[in-house]
Amino acid sequence: MIASKRSSLVLFVHLSVLLLVILWTIPTAGLLISSLRDKDQLAVSGWWTALSTSSQNLTVRAPGPEAQQQRDGKFVISGNVLDNPGAKVSAFGFRTQEPAAFEPGQTATLSDGERLTVQEDGAFEIVSDVAMEGSRGQRIFVQAAVPSRFTFDNYREVLNAEGIGASFINSLTVAIPSTIIPILVAAFAAYALAWMPFPGRTILIAVVVGLLVVPLQMSLIPLLKLYNGVGAFLGLPAKTYVGIWLAHMGFGLPLAIYLLRNYMAGLPREIMESARVDGASDFDIFVKIILPLSFPALASFAIFQFLWTWNDLLIAMVFLGTGNNELVLTGRLVNLLGSRGGNWEILTASAFITIIIPLIVFFSLQRYLVRGLLAGSVKGG
Amino acid sequence: MQQLLMAVITMVAGVLACAAYFYGTNLILDLIFPSKGRSGAKASRNLRISNAIRPWLFLFPALFAMTIYLIYPVFESVWLSFHDRTGQTFVGGANYVWMFNDGEFRQSIFNNFLWLLVVPALATFFGLIIAALTDRIWWGNIAKTLIFMPMAISFVGASVIWKFIYDYRAAGTEQIGLLNAVVTAFGFEPQAWMTIPLWNNFFLMAILVWIQTGFAMVILSAALRGIPEETVEAAVIDGANGFQIFFKIMIPQIWGTIAVVWTTITILVLKVFDIVLAMTNGQWQTQVLANLMFDWMFRGGGDFGRGAAIAVVIMLLVVPIMVWNIRNAAKEMKGH
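Conventions we followed
Residues numbered from 1 in each chain as written. Chains lettered and ligands numbered in written order. Predicted model: local features only at pLDDT ≥ 70, side-chain atom pairs only at ≥ 80, totals over all residues. Heavy atoms only, no water. Helix = DSSP H or I, 4+ residues; strand = E, 2+ residues; numbered from the N terminus. Rg over C-alpha atoms; globule rule 2.2 N^0.38 Å. Buried < 20%, exposed > 50% of the residue type's maximum accessible area, 1.4 Å probe, protein only. Areas by Shrake-Rupley, 256 points an atom, 1.4 Å probe, with all protein chains shown as cover. Contact = heavy atoms within 4.5 Å. Buried area = accessible area lost by both parts, 1.4 Å probe. Salt bridge = Lys/Arg side-chain N within 4 Å of Asp/Glu carboxyl O. Polar contact = N/O pair within 3.5 Å; in protein donor to acceptor, adjacent residues only side chain to side chain. Pairing = 2+ DSSP bridges. Axes fitted to C-alpha atoms, helices over the stretch in contact; angles between N-to-C directions. Domains from an automatic or database assignment. Phe/Tyr/Trp six-rings, centres within 6.5 Å; stacked < 30°, edge-to-face > 60°. Lys NZ or Arg CZ within 6 Å of the ring centre and 35° of its normal.

1. Remarks on the overall build of chain A
Here comes step 1: Secondary structure summary: chain A contains 13 helices and 8 strands in total.
Here comes step 2: The C-alpha radius of gyration computed for chain A amounts to 33 Å, which surpasses the reference 21 Å derived for 381 residues by more than 25%, pointing to a less compact arrangement than a globule.
Here comes step 3: Taking all 381 residues of chain A together, the buried fraction comes to 52%.
Here comes step 4: For chain A, the computed accessible surface area is about 16800 Å², with 61% contributed by carbon and sulfur atoms.

2. Some words on the overall build of chain B
Here comes step 1: Check the secondary structure of chain B and you find 14 helices and 0 strands.
Here comes step 2: The secondary structure elements of chain B, listed N-terminal to C-terminal, are α-α-α-α-α-α-α-α-α-α-α-α-α-α.
Here comes step 3: Along the first, second and third principal axes, the C-alpha atoms of chain B reach 90 × 70 × 50 Å.
Here comes step 4: For chain B, buried positions account for 51% of its 336 residues.
Here comes step 5: In chain B, 67% of the contacts between residues at least 6 apart in sequence involve partners at least 24 apart.

3. Some details on the interface of chain B and chain A
Here comes step 1: Contacts between chain B and chain A engage 108 residues on the former and 110 residues on the latter.
Here comes step 2: Buried surface at the junction of chain B and chain A, both sides included, amounts to about 9900 Å², of which 82% is carbon and sulfur.
Here comes step 3: When the buried surface of chain B facing chain A is broken down by residue, Phe58, Tyr69 and Phe164 of chain B rank first, second and third, together holding 8% of it.
Here comes step 4: Inspection of the region where chain B meets chain A yields 0 salt bridges.
Here comes step 5: Counting across the interface, chain B meets chain A through 9 residue pairs in polar contact (both at pLDDT 80 or more).
Here comes step 6: Of the residues forming the side of chain B that touches chain A, the biggest block, 22 residues, is contributed by helix α2 (residues 40-80) of chain B.

4. What about the sheet that holds strand β2 (residues 69-71) of chain A?
All names here are of chain A.
Here comes step 1: Here 5 strands make up an open sheet; going across it, the order is β2-β3-β7-β6-β5 and the pairing antiparallel. Since the sheet does not close on itself, it has two edges, and those belong to β2 and β5 (107-109), each with one partner. In this sheet, neighbouring strand axes are inclined to one another by 30 degrees on average, regardless of whether the strands run parallel or antiparallel.
Here comes step 2: Relative to strand β3 (residues 74-80), β2 runs antiparallel, the two sharing 3 bridges. From the neighbouring strand, arginine 71 faces β3, where its bridge partner is lysine 74.

5. As for the domain arrangement of chain B
Here comes step 1: Assigned domains within chain B: domain 1 (2-80) and domain 2 (94-335).
Here comes step 2: For domain 1 of chain B and domain 2 of chain B, the distance between their C-alpha centroids amounts to 39 Å.

6. Observations regarding the environment of glutamine 212 of chain B
All names here are of chain B.
Here comes step 1: With respect to the element layout, glutamine 212 can be found in helix α8 (residues 199-225).
Here comes step 2: Classification of glutamine 212 as buried rests on a relative accessible area of 8%.
Here comes step 3: With residues near it in sequence (within four places) discarded, glutamine 212 still touches Ala123, Met151, Ile265 and Leu268.

7. Quick look at the sheet that holds strand β1 (residues 54-61) of chain A
Residues and elements named next belong to chain A.
Here comes step 1: The antiparallel open sheet is built from 3 strands, whose spatial order is β1-β8-β4. Looking at which strands have only one partner, the edges of the open sheet turn out to be β1 and β4 (88-93). Geometrically, the sheet is characterised by an average inter-axis angle of 25 degrees between neighbouring strands, direction not taken into account.
Here comes step 2: One ladder, built from 8 bridges, connects β1 with strand β8 (residues 139-146); its direction is antiparallel. Within β8, the position partnered with valine 60 by the bridge is isoleucine 140.

8. Considerations on the domain arrangement of chain A
All names here are of chain A.
Here comes step 1: Under the domain assignment, chain A is made up of domain 1 (2-50), domain 2 (54-146) and domain 3 (156-380).
Here comes step 2: The C-alpha centroid of domain 3 is placed 34 Å from the C-alpha centroid of domain 1.
Here comes step 3: At the interface, 7 residues of domain 1 touch 8 residues of domain 3.
Here comes step 4: Taking both sides of the interface into account, the surface hidden between domain 1 and domain 3 amounts to around 620 Å²; carbon and sulfur atoms contribute 83%.
Here comes step 5: On the domain 1 side of the interface with domain 3, the three residues burying the most area are Leu31, Ser35 and Lys39, jointly 59% of the side's total.
Here comes step 6: One can count 0 salt bridges joining domain 1 with domain 3.
Here comes step 7: There are 0 residue pairs in polar contact (both at pLDDT 80 or more) connecting domain 1 and domain 3.
Here comes step 8: Of all the elements in the fold, those that place two or more residues in the side of domain 1 that touches domain 3 are α1 (2-35) and α2 (39-44).

9. Re the pattern of salt bridges
All names here are of chain B.
Here comes step 1: Using the criterion set out here, one finds 12 salt bridges over all chains in the structure.
Here comes step 2: A salt bridge links aspartate 167 to arginine 169; its shortest N-O distance comes to 3.6 Å.
Here comes step 3: You can call aspartate 167 buried: its relative accessible area is 13%.
Here comes step 4: For arginine 169, a relative accessible area of 22% puts it in the partly exposed group.
Here comes step 5: One salt-bridge network, held together by shared partners, links Arg85, Asp303 and Arg306.

10. Digging into the packing of aromatic side chains
Here comes step 1: Under the criterion given, the structure shown has 39 aromatic pairs over all chains.
Here comes step 2: Linked through ring pairs, Phe188, Tyr191, Phe283 and Phe286 of chain A together with Tyr21, Phe22, Tyr23 and Phe58 of chain B together constitute an aromatic cluster.
Here comes step 3: Across the ring face of tyrosine 368 of chain A, the terminal group of arginine 367 of chain A is positioned such that the distance to the ring centre comes to 4.9 Å.
Here comes step 4: Over the face of the ring belonging to tryptophan 98 of chain B we find arginine 306 of chain B, whose NZ or CZ atom lies 4.1 Å from the ring centre.

11. Quick word on the pairing of β3 of chain A
All names here are of chain A.
Here comes step 1: Between β2 and the antiparallel strand that follows it, β3, lie 2 residues; aspartate 72 among them carries a positive phi value of about 50 degrees.
Here comes step 2: The pairing of β3 with strand β7 (residues 123-128) spans 6 bridges and is antiparallel. Within the sheet, the bridge partner assigned to isoleucine 77 lies in β7 and is isoleucine 126.

Shown next as structure tokens:
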């Protein structure tokens, strides 16, 4: 009795977690699947039907009378209405009002006496007893069952035509220096705050904790003015990569110092004291002992900063231009949302390219990310 | 490619410059105040002086950058908020008076409070539930990784993902948006979700909850594991059931962590910008403060006075949490 109650509870736990996991992964899965679908299919059916055959209505115009050939005393125009080899015709017609009046293999008699036959594989023949005239070909309406088709075409298109490829490089250009440069600056400051006694240390730590939550919005306008001023003074453009690298460094420093200080303060005091007894200076201790020992904390911060700079939209919109060699992925994606709002094949493929690098970083370095989160938040509580 | 090379070169140059600065200033300090090879009083005096200066050499680059990028702008923004659009003429409280009479601003404040009420609560709630449930099953870590994953996705990327889910096609045609497909499968009319006032705010909030639940889950999961087992065992012996153990034994012991998670998400919510910009750009009554501020920063050539005034409001909303954080950190340091 108790055992059955417990096992039903365990089952309930399994099922609820499964439900939550599905809820949380379905949005991303939908994006990924859609980005790989044929764009005509993507536009007319939901991604959850991606594996089933979809029905499409096509309108094809047969070649004009100049293509007719004489065969057994009759005049024939032939061709294929389908360009997709796996597709099958399920019905056809020649009038807008009745686009699916005939089954494949049947022969429809057109208004001028010509006879139209469309086979299941899409092959059609228009047969006439007299030479056909006129300038335009006959319109044929086809209802076709098209098997699901997966392709990298969407990716090929966005990487080249939509400028996602260029933006990918731009995002890397922003993120790499913005991630690496602050680390050393922050590490020295964190060491001073953790292990060097000096008046005002407590106040400085409090300032860093306070700066952790200062909204970026406060900095935007003053810095924009400052950048414009400096740019005008030096005769340089105000929006440059150097400007955004420095901005990312400035905004990332409080978290970097906070994380690293917490970590360094937890290192055993004995190591440093014995080194000091041996005559090592603070500089030596930092470079030879603290820095190597702090690697996990440095890695945590680097991952945070990389994700943050790669995913950032606001700072890039304010401090970086919108030219083809400056627009970052997030900015490009926002532009595409405006200009290509209905073209889901472009949006889904572009979005997936923008999130693939963070996802790789996330899955390969998750351990450090979790450690950093814990160090950054739980300590405050 | 060429620019990527430039980025890598800059990175190396930047790191080398930092290293050169730290190494060089230390060397100079040791040359000016040598303590090795000097006798008695002179050596200890030099050592004292150099020990007093050295921390500031270590701190200087970080303090300098933080001052320029974070501290100075706070004062400058406050100053600008009392000036006109160009920042030249003093206008007193005119920007603030305009703000509180502006319908769009009041809409933003209202929406921001909605966000503040809903997002931290839901993200913390789901995070706590998932943390508690996944601790009991063998594939818990896989489940956690998958729920944590949206954390790595940018707000803009997440917006595209969810815009696809909310996609709307006219009734009668096949829906390719998941939400409308579900709704029509149950026999209801499809809706253009983004354009329904008030409710559309909640559809936007769902995106941030989706992203932030993983964060709450990771932190709370660690906190749950940190609970001393004796307390749970004692409760089991006393005959408490699962729910009682969870709500009466475990939750009270992790209140501090729940508060930290809650406030961290609250601060994020106050700054929410990308999602609104990408999804609606404030149309259909979904405007929020951060997007409004960005809008005024460039609207009509840029109104720095009004933009700064809105930024100051965001800052004021953050201040209580900032004070609370600083007090906690101070308490923590005394404990060390």
